[in-house]
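These are the residues of each chain, in order.
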Amino acid sequence: MNNNWVLSYEDYDADNEGAREVLCALGNGYIVSRAAAPDVSANGKHYPGTYLSGGYNRLATDIAGQRIENEDLVNLPNWLPLNIQLGAKDGSPHSDRIAFLDYRQTLDLRNGILSRTFRFQNDEGQVTRWEEKRIVSMDNQHLAALSVTVTPENWSGPMTLRLGIDGGVINAGVPRYGALNGQHLETLDRGALEGSVLWLRSRMVQSRREIALATRNLVEIEGEVITPAQAENGADAVYAVYQFQAREGQAVYVEKVAAYFNSKDHAITEPLAEAVALVQRTNRMADLVHAHSRAWRQLWEQCDIQIKTSNGAAQLRLRLHVFHLLQTVHHALGADVGVPPRGWHGESYRGHIMWDELFIFPYINLRMPDVTRALLLYRYRRLHEARRAAREAGFKGAMFPWQSGSNGREESQQIHLNPMSGRWIPDVSWRQRHIGAAICYNVWQYYEATGDANFLADYGAELFLEIAQFWSSLSRRRKDGRYEIKGVMGPDEFHTAYPTANPSAPGGINNNAYTNVMVAWLVARAFDVLDRIPTAKRRRLCERLGLTDEDFDLWRDIGSNLFIPLQDDGIIGQFEGYADLQEFDWDGYRERYGSLQRLDRILEKEGEDLNRFKISKQADVLMLFYLFSREEIEETFNRLGYTFTPDQIPKNIHYYVERTSHGSSLSWMTHAWVLARADRERSWQLALRALANDVDNLQHGTISEGIHLGAMAGTVDLMQRCYTGIEMRDGVLRFNPRLPDEVDEMQATLQYRHHTLDFEVSKVRLKVSSRTGVAAPIRIAYREHSSELDPGESLIFNLSEDQSAER
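Residues numbered from 1 in each chain as written. Predicted model: local features only at pLDDT ≥ 70, side-chain atom pairs only at ≥ 80, totals over all residues. Heavy atoms only, no water.

S.K.: Tell me about the packing of helix α9 (residues 453-474) against helix α10 (residues 513-531), and please be specific about residues and values.
M.R.: A pair of packed helices is characterised by two quantities: the angle between their axes and the separation of those axes. As a packed pair, α9 and α10 sit with axes 9 Å apart at the nearest point and diverge in direction by 140°. Classified by the angle their axes make, α9 and α10 are oblique. For α9 against α10, the interelement crossing comes out left-handed. On α10, the residues touching Leu456, Ala461, Phe464, Leu465, Ala468 and Trp471 of α9 are Thr515, Val519, Trp521, Leu522, Val523, Arg525, Ala526, Val529 and Leu530. Broken down by class, the residue content of the contact of α9 with α10 amounts to 13 nonpolar, one polar and one charged. (Axes fitted to C-alpha atoms, helices over the stretch in contact; angles between N-to-C directions. Helix = DSSP H or I, 4+ residues; strand = E, 2+ residues; numbered from the N terminus. Parallel < 35°, antiparallel > 145°, perpendicular 65-115°, else oblique. Left-handed = near helix turned anticlockwise from the far one by under 90°. Contact = heavy atoms within 4.5 Å. Nonpolar A, V, L, I, M, F, W, Y, C, P; charged D, E, K, R; others polar.)

The structure is reproduced here in structure tokens:
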């Protein structure tokens, strides 16, 4: 890494190619293509993969004595193949008979361009230079392009190039899924047009979605276009073969322009016709790169966060995280897609949509709120399935799944493999019903950022009310008059049942504090949602949903009487009965195993029940301090009839930090957030660790299966909101900056309620400027001081002297 815009590698490392393929993947929100070399196939070291956002297919597998069905994000036909032959021998740079003399790979984040430059030598001493450039167009979501310049340095002789497209791909990117059926595609047809255009049509075998891929190939030497000698058709592939005499020092220029379409695209006649037409009429690569780079520069104007820090790597890694977030969500407008925790970059979690929206949306809310709106509509369109799931489980309202895919049914695995023991384990992660509360939180945060009352009235309120109705039907009154919620799992994920539970018992744990507080918050907030809807719309919506005053009275009762397992010492018990669990031998296990991130796998291998211990995979109770301000937590606890004082926050943080294994990529980021006020130094160190998680492969190999997008977005939001103290509440944008000691300044641009705001914050000053435009005044606050801000105006707060704003 040599500057804060370029991720670079100065050598070839076959053992880390999988990680680099993901970190240097290119995408635009419609497709994402891993950065596999064009001359390789899937072989354990390399894994070419291109994925369509929302491109799911279901397959069944007989395994571990049962038949299970999984829905997967499908690996699309490969557009990259470009193989070189020198004389009669394979000359592909990544073959076993090749030695690299030098090697450099760079990802230019500012312009979205992947480059490789290297020199290689075969066993006959022939030295060849390879210069490669690649994009996945941010200007046109259907296009990708690749150019390679091949130059013989010390030889002349025959050269053969094979440029192709390969539909014979399977899903094989996650070793743990290796025993599961991965044959998602069938090739319908393939061929060549005019020699330079190759095409392939395939179909997902269950969902029946057609995928069309076309490429336009060009080979030229000093401006002379070389025509292909022949086309080769395989069962699932087609290649154009170019044969010519290469001369020492004479560059051979190769260009591939690819287009992907699918049968669910808007405004098309038929996918293959569109793909072929697009590659035939589109410009040369230089023009595509220009338009693509312009689109990226415009995105960075909206989305960059600049930090001045003594840590040289932090700025680059922050931008890398923004880069991959934008590659995942940018073209979501008009599409029926969610945002997956591993991006569209690989096959881990099968591309399913989970609770990671909770960490991803806050950044987008304040940058591209229209994108958040589009992603929230993914949830709204699946309300029918959530209602069906609730009815079948005996509840009212809408019960959203822990993992969602094409139509919103529960896609969580029935069983999962522990690679440490080799055993298939029942998977009960579907008990994480708290995802419904996260959806409500996301709806409200979007509204706070935008003031979009139309969205709230047309979509958000219905989501909110149906989820509230589900929780009211799941809640049960106890003998002491309080309500409780049984049989769930919290964000911790380690605790799935009580240690003494009978195997035939319902399972889950009772009164998870995070879940119960979230429910208490949302059933109370539901009335704020209703208050913001026009009277006639509110009446019609309640009639359609069958909501009555009796329902609302129940919600108020639950919101004031939900049980929270508070311990006598002020600790919020993670769930009822948590205080009775055993302490864990952290030192002993660290001595035996080193990393304890995946304690669940370690203990299962040993035949031990991790439900016995006070251990957490990631933040659970502490998520409350991540999502809510001190004032909001006190308000919720007071309404519930519990005393909560500010000193309980650091006390609970310390208690749970010492009992967390950080087995999730989200963990370091959330802990950095909750420690930001009480322990800035430790917070910053955890933030740096979260920034390094993927680029330094801290999850022990899982980066090759896809980026950790929730953690990436969370680290960006850590800079954007946590260290600046940004909070949106009651129609006021509040700042309360407290930068880490190692960060001197921060600058960013936000979108808030139709204002474009530039803010600069240092240790001593906060400046917020609204660009010229047409928008109603907004209110900006710093601690107890607030002022109205009109477009074209600025506010300056002196942080060293708690004073009112200057203009």
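S.K.: Break down the pattern of salt bridges for me, citing the residues and quoting the values.
M.R.: Applying the stated criterion to the full structure yields 62 salt bridges. In this structure, Glu21 and Arg34 form a salt bridge, with 3.1 Å as the shortest nitrogen-oxygen distance. Within this pair, whereas Glu21 is found in helix α1 (residues 17-23), its partner Arg34 is found in the loop between β3 (31-33) and β4 (50-63), the two being separated by 13 residues in sequence. Across the pair, exposure class does not vary: Glu21 and Arg34 are buried alike. Salt bridges linked by common partners bring Arg58, Glu69, Glu71, Arg409 and Glu411 together as one network. (Salt bridge = Lys/Arg side-chain N within 4 Å of Asp/Glu carboxyl O. Buried < 20%, exposed > 50% of the residue type's maximum accessible area, 1.4 Å probe, protein only.)

S.K.: Outline the layout of surface pockets, listing residues and values.
M.R.: Its boundaries defined by the atoms lining it, the second largest pocket holds a volume of some 950 Å³. Forming the boundary of the second largest pocket are 32 residues, of which Ser629, Arg630, Glu631, Arg677 and Glu727 lie nearest the centre. Listing elements by their share of the lining of the second largest pocket, those giving two or more residues are α8 (435-450), α15 (623-627), α16 (630-639), α17 (648-657), α18 (666-674), α20 (709-722), β25 (727-729) and β26 (732-735). When residues in the lining of the second largest pocket are grouped by element, the largest group, four residues, is from α16. Its residues assigned to classes, the lining of the second largest pocket shows 18 nonpolar, four polar and 10 charged. (1 Å grid on protein atoms, 1.4 Å probe; cavity = no way out; pocket = protein on both sides within 12 Å on 5 of 7 lines; lining within 4 Å. Points joined across faces, edges and corners; volume = space filled by probe spheres on them.)

S.K.: Account for empty space enclosed by the protein, naming residues and giving values.
M.R.: What the rule picks out here adds up to three cavities of 30 Å³ or more. Roughly 110 Å³ of internal volume is contained in the largest cavity. In terms of lining, the largest cavity is formed by 15 residues, of which the most central are Asp72, Asn171, Tyr177, Leu180 and Asn181. For the lining of the largest cavity, the elements supplying multiple residues, two or more each, are β4 and β5 (66-75). Per-class residue counts for the lining of the largest cavity are five nonpolar, seven polar and three charged. There is about 50 Å³ of room inside the second largest cavity. Together, Tyr441, Trp444, Gln445, Glu448, Trp521, Arg525, Phe628, Glu632, Met728 and Arg729 line the second largest cavity. Elements supplying a minimum of two residues to the lining of the second largest cavity: α8, α10 and β25.

S.K.: Can you explain the pairing of strand β21 (residues 415-418)? Please cite residues and give values.
M.R.: Relative to strand β22 (residues 423-426), β21 is paired through four bridges, and the arrangement is antiparallel. Following the sheet pairing, Asn418 is matched in β22 by Arg423. The hairpin formed by β21 and β22 contains four residues between the paired strands, and Gly422 there has a positive phi angle of roughly 80°. (Pairing = 2+ DSSP bridges.)

S.K.: Give me the lowdown on the sheet that holds β5, citing residues and values where you can.
M.R.: Sheet architecture is open: four strands sit in the order β2-β3-β4-β5, paired in antiparallel fashion. Every other strand in the sheet has two partners, leaving β2 (26-27) and β5 as the edge strands with one partner each.

S.K.: Can you lay out helix α12 (residues 549-561) for me, pointing to particular residues and giving the numbers?
M.R.: Taking 1.5 Å as the rise per residue, α12 with 13 residues should run 18 Å; its terminal C-alpha atoms sit 18 Å apart, in good agreement. For α12, every residue scored as buried is listed here: Asp551, Phe552, Trp555, Ile558 and Gly559. Projected onto a plane normal to the axis of α12, the buried residues spread over an arc of 120° and lie on a single side. Turned more than 90 degrees away from the buried face of α12, the exposed residues are Asp549 and Glu550. Residues of α12 that are buried sit in contact with α9, β24 (483-484), α10, α11 (535-545) and α16. (Expected span 1.5 Å × (residues − 1). Arc of directions from axis to C-beta.)

S.K.: Any chance you could break down the nonpolar core for me, citing the residues and the numbers?
M.R.: One broad trend across soluble globular proteins is that nonpolar side chains are buried collectively. Counting residues in hydrophobic clusters, the biggest one holds 232 residues, and the most contacted among them are Met159, Leu161, Ile364, Tyr723 and Ile780. In terms of residue count, α10 provides more of this core than any other element does, 13 residues in total. Those residues in contact with Tyr723 that lie beyond four places of it in its chain are Ala672, Ala676, Ser683, Trp684, Ala687, Leu718, Pro737, Arg738, Leu739, Pro740 and Met746. With 19 residues, the next largest nonpolar core counts Ile135, Ala145, Trp199 and Val257 among its residues. (Core = buried A, V, L, I, M, F, W, Y, C linked by side-chain atoms within 4.5 Å.)

S.K.: Quick one: what's the story with the packing of aromatic side chains, residue by residue and with numbers?
M.R.: Tallied over the full model, the rule gives 43 aromatic pairs. Seen from their ring centres, Tyr655 and Tyr656 are 4.9 Å apart, and the 80° between their planes marks the pair as edge-to-face. Both residues of the pair, Tyr655 and Tyr656, belong to the buried class. Taken together, the ring pairs connect Tyr12, Phe100, Tyr103, Phe118, Phe120 and Trp130 into an aromatic cluster. Taking the ring centre of Tyr239 as reference, the NZ or CZ of Arg162 above it sits at 4.2 Å. (Phe/Tyr/Trp six-rings, centres within 6.5 Å; stacked < 30°, edge-to-face > 60°. Lys NZ or Arg CZ within 6 Å of the ring centre and 35° of its normal.)

S.K.: Break down the pairing of β26 for me, citing the residues and quoting the values.
M.R.: With three bridges connecting them, β25 and β26 associate as antiparallel partners. Of the residues in β26, the one forming a bridge with Arg729 is Val732. Where β25 hands over to β26, the hairpin turn is made up of two residues, of which Asp730 adopts a positive phi near 60°.

S.K.: Outline the side chain of Gln315, supporting the account with residue identities and numerical values.
M.R.: Here Gln315 shows up in helix α4 (residues 312-329). Of the residues examined, Gln315 reaches a relative accessible area of 6% and is grouped as buried. Ignoring sequence-local partners within four residues, the contact set of Gln315 consists of Asn4, Asp304, Ile305, Gln306 and Ile307.

S.K.: Before we move on, could you go through the sheet that holds strand β17 (residues 230-233) and cite the residues and values that matter?
M.R.: Judged by pairing direction, the sheet is antiparallel, and its five strands sit side by side in the order β7-β6-β12-β18-β17 without closing on themselves. Each having just a single partner strand, β7 (89-90) and β17 make up the two edges of the open sheet. Strand direction decides the pairing type here: strand β6 (residues 82-86) and strand β12 (residues 157-166), joined by five bridges, are antiparallel. Within the sheet, the bridge partner assigned to Asn83 lies in β12 and is Arg162.

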